[in-house]
Amino acid sequence: MAIFRKKNSTNVRLNVLKQNTSASSRKGLVFIKPLIVLLCALFLFSVYSNWQNTLESWDKTPIRAYALTHKTQFTTNADIRNALSKGEPLKGYFGQNIQEVKNRLLSIPWVKEVVVRKLYPDRLSITLIEHKPFAIWNDNYFVSDQGTIFALPKERLGKMELPLLYGPDTEGKKVLGAWNKIRADLNARKLDLTSVSVDSRGSWTIRLSNQVELRLGRGGWTSKIDRFVTIFPEINVPEGNRLSYVDLRYPHGAAVGFSPIKN
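Each residue is numbered by its place in its chain's sequence as written, counting from 1. Local features in a predicted model are, by the rule used here, given only for residues with pLDDT of at least 70; side-chain atom pairs are given and counted only at 80 or more, and totals for whole chains, interfaces and linings are based on all residues. Side-chain descriptors were evaluated using all non-hydrogen atoms of the structure, hydrogens and water having been removed beforehand.

Draft legend 1. Spotlight on the overall build of the protein. In this text, helices come from DSSP runs of H or I with a minimum length of four residues, and strands from runs of E with a minimum of two, each type numbered from the N-terminal end. Scanning the protein from N- to C-terminus turns up five helices and twelve strands. Each residue is placed in one exposure class: buried if its accessible area under a 1.4 Å probe, protein chains only, is under 20% of its type's maximum, exposed if it is over 50%, and partly exposed if it falls in between. Burial statistics for the protein: of 263 residues in total, 30% are counted as buried. Note on areas: Shrake-Rupley, 1.4 Å probe, and residue coverage restricted to the protein chains presented here. When the accessible surface of the protein is totalled, it reaches about 17400 Å², and 57% of it is carbon and sulfur.

Here's what the structure looks like:
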């Protein structure tokens with residue numbers, strides 16, 4: 001019986017030792033796991049922080065060529081090269097920021113939108129969308145069919161003949177809308193329009209294709225144009241002169257002006 005109890009006591013001690021060892025192992029894992037997680041996080045953060053530098057180290061040559069996806073109407077290769085040469089030299093395929101390239105190309109005044117892709121190893125694919133000039137704005141600029149005012153060298157237009165629009169630069173869309181409506185009204189009366197202008201007070205003036213200026217003033221213009229159509233055949237133009245303007249800003253009737261015919 002004594003021997004049996006001795007063996008039993010030894011087994012108990014072994015079990016206690018195993019339990020203590022297992023508990024120590026678990027305690028060790030409790031400290032090791034967070035350390036492993038922390039090391040992994042630091043490694044990933046280091047990779048994330050330096051990935052751009054790593055990619056740039058793979059660049060062998062800077063971007064040195066581009067290809068346009070379609071033919072442009074106003075933009076030349078010289079315009080594109082000049083825009084791309086602004087600021088710091090272009091980097092390589094991995095290092096170059098695409099948005100920076102787009103911003104350089106958008107600095108061309110008549111460029112509306114830009115799509116840029118990098119082509120490995122050292123090229124760019126460029127799509128340029130240009131503003132389409134609808135009319136000449138204040139003699140020196142242009143306005144698109146969406147009312148956007150932009151600059152464009154006049155010699156790039158070639159033989160294009162455009163209407164003349166005038167007004168504050170904040171009123172491009174308003175003047176364009178007025179042009180479309182007034183022209184439709186005049187065409188219905190067998191008259192044609194060449195220019196529309198509005199001043200800072202909102203007073204409208206238009207010019208017909210026969211060079212007669214109609215001063216419409218503020219407010220609606222339909223009734224005033226109707227009045228002009230009514231009185232126009234009754235205007236007696238002095239010999240050697242031409243009808244210069246018709247002032248329709250009065251509630252009733254109109255004032256007219258003449259200018260000498262230039263030989």
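That shown, we press on.
Draft legend 2. Seen up close, helix H4 (residues 172-187). Taking 1.5 Å per residue, 16 residues should reach 22 Å; H4 reaches 22 Å between its end C-alpha atoms and fits that length. Of the positions making up H4, those classed as buried are Gly172, Val175, Leu176, Ala178, Trp179, Ile182 and Leu186. Buried residues of H4, viewed axially, fall in a sector of 160°; they line one side. Those residues of H4 that are exposed and aimed more than 90 degrees away from the buried face are Lys173 and Lys181. By this rule the span expected of a helix is its residue count minus one, scaled by 1.5 Å. To be clear, the arc concerns the directions from the helix axis to the C-beta atoms.

Draft legend 3. Quick peek at the sheet that holds strand S10 (residues 213-217). By this definition, two strands are paired if DSSP reports at least two bridges between them. Reading across the sheet, the nine strands line up as S6-S5-S4-S7-S8-S9-S10-S11-S12 and stay open at both edges, with mixed pairing between neighbours. Of all the strands in the sheet, the pair left with one neighbour each is strand S6 (149-150) and strand S12 (255-260). Should any heavy atoms of two residues lie within 4.5 Å, those residues are counted as being in contact. Between N-to-C directions, angles span 0 to 180 degrees; the directions come from axes that are lines fitted to C-alpha atoms, helices contributing only their stretch in contact. Lying on the sheet, helix H5 (residues 222-231) is in contact with strand S9 (204-208), S10 and strand S11 (241-247); it crosses S10 at an angle near 145°.

Draft legend 4. Local environment of the side chain of Glu130. Inspection of the secondary structure puts Glu130 in strand S3 (residues 123-130). Charged-residue counts in this description rest on Lys and Arg as positive and Asp and Glu as negative, His and the chain ends being excluded. We define a salt bridge as a contact between a side-chain nitrogen of Lys or Arg and a carboxyl oxygen of Asp or Glu at a distance within 4 Å. For the buried Glu130, which has no salt bridge, the nearest side chain bearing the opposite charge is Lys132, at an N-O separation of 4.1 Å. Whenever two N or O atoms come within 3.5 Å, that pair is a polar contact, provided that in protein one can donate a hydrogen and the other can accept it, and provided that, for residues adjacent in sequence, both atoms are side-chain atoms. Polar side-chain contacts of Glu130 include one of 3.0 Å to the backbone nitrogen of Gln73. One polar contact links Glu130 to Thr75, side chain to side chain, over a distance of 2.6 Å.

Draft legend 5. Seen up close, the packing of aromatic side chains. Here is the rule: rings of Phe, Tyr and Trp (six-membered ring for Trp) pair when centre to centre is within 6.5 Å. Planes less than 30 degrees apart are stacked, more than 60 are edge-to-face, and the remainder are tilted. Applying the stated criterion to the full structure yields six aromatic pairs. With a centroid separation of 5.1 Å and 90° between ring planes, the pair formed by Tyr93 and Phe94 is classed as edge-to-face. Take Phe94: its relative accessible area is 24%, and that puts it in the partly exposed class. Plain terms: the ring middles of Trp204 and Trp221 are 6.0 Å apart, the flat faces sit at 70° to each other, and that makes the pair edge-to-face. Taken as a pair, Trp204 in strand S9 and Trp221 in the loop between S10 and H5 lie far apart in primary sequence, 17 residues in all. The same class applies to Trp204 as to Trp221, namely buried. Ring-pair connections join several aromatic residues into one group, and the members of that group are Tyr93, Phe94 and Tyr120. Charges are assigned to positions over rings by a cutoff of 6 Å between ring centre and Lys NZ or Arg CZ, combined with an angular limit of 35 degrees from the ring normal. One residue, Lys118, lies across the ring of Tyr93, its end atom 5.5 Å from the ring centre.

Draft legend 6. The arrangement of the sheet that holds S3 in detail. One open sheet holds the three strands; their spatial order is S1-S3-S2, and the pairing between them is mixed. Pairing within the sheet leaves two strands with one partner each, and these edge strands are strand S1 (65-68) and strand S2 (111-119). The sheet shows a mean angle of 30° between the axes of neighbouring strands, direction not considered. Pairing of S1 with S3 involves four bridges; the strand directions are parallel. Each residue of the ladder has a partner; that of Ala67, found in S3, is Ser125. Contacting S1 and S3, helix H2 (residues 77-84) crosses the sheet at an angle of about 135° to S1. Of the strands in this sheet, S2 and S3 touch helix H3 (residues 98-106), which is tilted by about 145° from S2.

Draft legend 7. Structural context of the environment of Asp247. If you trace the backbone, Asp247 turns up in strand S11. Considering only alpha carbons, one finds Asp247 and Gly257, ten residues apart in sequence, at a separation of 8.3 Å.

Draft legend 8. A look at the pattern of salt bridges. All chains considered together, the criterion is met by nine salt bridges. The salt bridge involving Asp226 is made with Arg189; its shortest N-O contact spans 2.3 Å. Of the two residues, Asp226 sits in helix H5 while Arg189 sits in the loop between H4 and strand S8 (193-198), which places them 37 residues apart along the sequence. Judged by its relative accessible area of 32%, Asp226 is partly exposed. Shared partners join several salt bridges into a network, and the residues in it are Arg207, Glu213 and Arg215.

Draft legend 9. View of the nonpolar core. For our purposes a nonpolar core is just a set of buried Ala, Val, Leu, Ile, Met, Phe, Trp, Tyr and Cys residues, chained together by side-chain atoms within 4.5 Å. Counting 27 residues, the largest nonpolar core has Leu165, Ile206 and Leu214 as its most contacted members. Within the residue set of this core, elements represented by two or more residues are strand S4 (133-137), H4, S8, S9, S10, H5 and S11. If one sorts the elements of this core by residue count, H4 sits on top with six residues. Residue contacts for Ile206: discarding those within four places in its chain leaves Ile182, Leu186, Leu193, Ser195, Val196, Val212, Glu213, Leu214 and Leu216. Counting 22 residues, the second largest nonpolar core, distinct from the first, contains Ile80, Trp110, Val114 and Phe142.

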